[in-house]
Amino acid sequence: MNESTPITPVSRTAPTARRSAANWAAFSTAEPGLARTVEERFGAHTHHVLATLRADGSPRTTGLEVRFLDGELWLGMMPGSLKALDLRRDPRFALQANPGEGTSMGGGDVRIGGRAIEVEDGATKSGYVKEVEPPEPFHLFRTELTEVVRTYVEDDTYLVVQVWKPGTPLRTIRRT
């Protein structure tokens, strides 16, 4: 680099910065096969792992139940839970499907990244209550997906990683 080359500072994505996002219905339309696999993996077990960001920026992981209803991925939480407070402050999250017992991980390892938007609308929450019957009161978040990733082993030879991001085609990477 010579002295006349300007130095551009490294930019960090602010919590409020917007990246391309999609709801569950848009993802399912774009990649129906992968969406089915992801729903099956989340449906295989009740509890999964949610990662949020604490006020100091460090990660927090907690257990969580999820629901796929009406074209949305929903996250319901107890009132005043730390994960709900984290998401109110910074909506970014990562959600990992429970891998289950042993090491077979049928269907692979799946995780979803995105933003969680709290739902305050009474009609929407009432519809959720009719379907899910959660203990009340509760926090309800709908999700905006920024990434869906599936990792699995193919033919005992390849580690396959499928990555979907809104507005881009599914990317598949095979490693030996």
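Residues numbered from 1 in each chain as written. Predicted model: local features only at pLDDT ≥ 70, side-chain atom pairs only at ≥ 80, totals over all residues. Heavy atoms only, no water.

Draft legend 1. Layout of helix 2 (residues 32-43). Taking 1.5 Å per residue as the helical rise, helix 2 with its 12 residues ought to reach 16 Å, and the 16 Å between its terminal C-alpha atoms agrees with that figure. Among the residues making up helix 2, those that are buried are L34, A35, T37, V38, R41 and F42. One side of helix 2 holds all its buried residues, which, seen down the axis, span an arc of 160 degrees. Exposed and oriented more than 90 degrees from the buried face of helix 2 are R36, E40 and G43. (Helix = DSSP H or I, 4+ residues; strand = E, 2+ residues; numbered from the N terminus. Expected span 1.5 Å × (residues − 1). Buried < 20%, exposed > 50% of the residue type's maximum accessible area, 1.4 Å probe, protein only. Arc of directions from axis to C-beta.)

Draft legend 2. Expanded view of helix 3 (residues 82-89). Listed in full, the buried residues belonging to helix 3 are K83, A84, D86 and L87. The buried residues of helix 3 occupy one face: seen down the axis, they fall within an arc of 160 degrees. Against strand 1 (48-53), strand 2 (59-64), strand 4 (72-77), strand 5 (92-96), strand 6 (109-118) and strand 7 (139-154) lie the buried residues of helix 3. (Contact = heavy atoms within 4.5 Å.)

Draft legend 3. Looking closely at unusual backbone geometry. In this chain, E136 is followed by P137 through a cis amide linkage whose omega measures -5 degrees. Among the secondary structure elements, P137 is positioned in the loop between helix 4 (122-132) and strand 7. Phi at D155 takes a positive value of approximately 55 degrees, unusual for a residue other than glycine. Mapping D155 onto the fold places it in the loop between strand 7 and strand 8 (158-164). Look at D156: it is not a glycine, yet its phi comes out positive at around 50 degrees. Inspection of the secondary structure puts D156 in the loop between strand 7 and strand 8.

No statement about biological role is implied by the geometric values presented.
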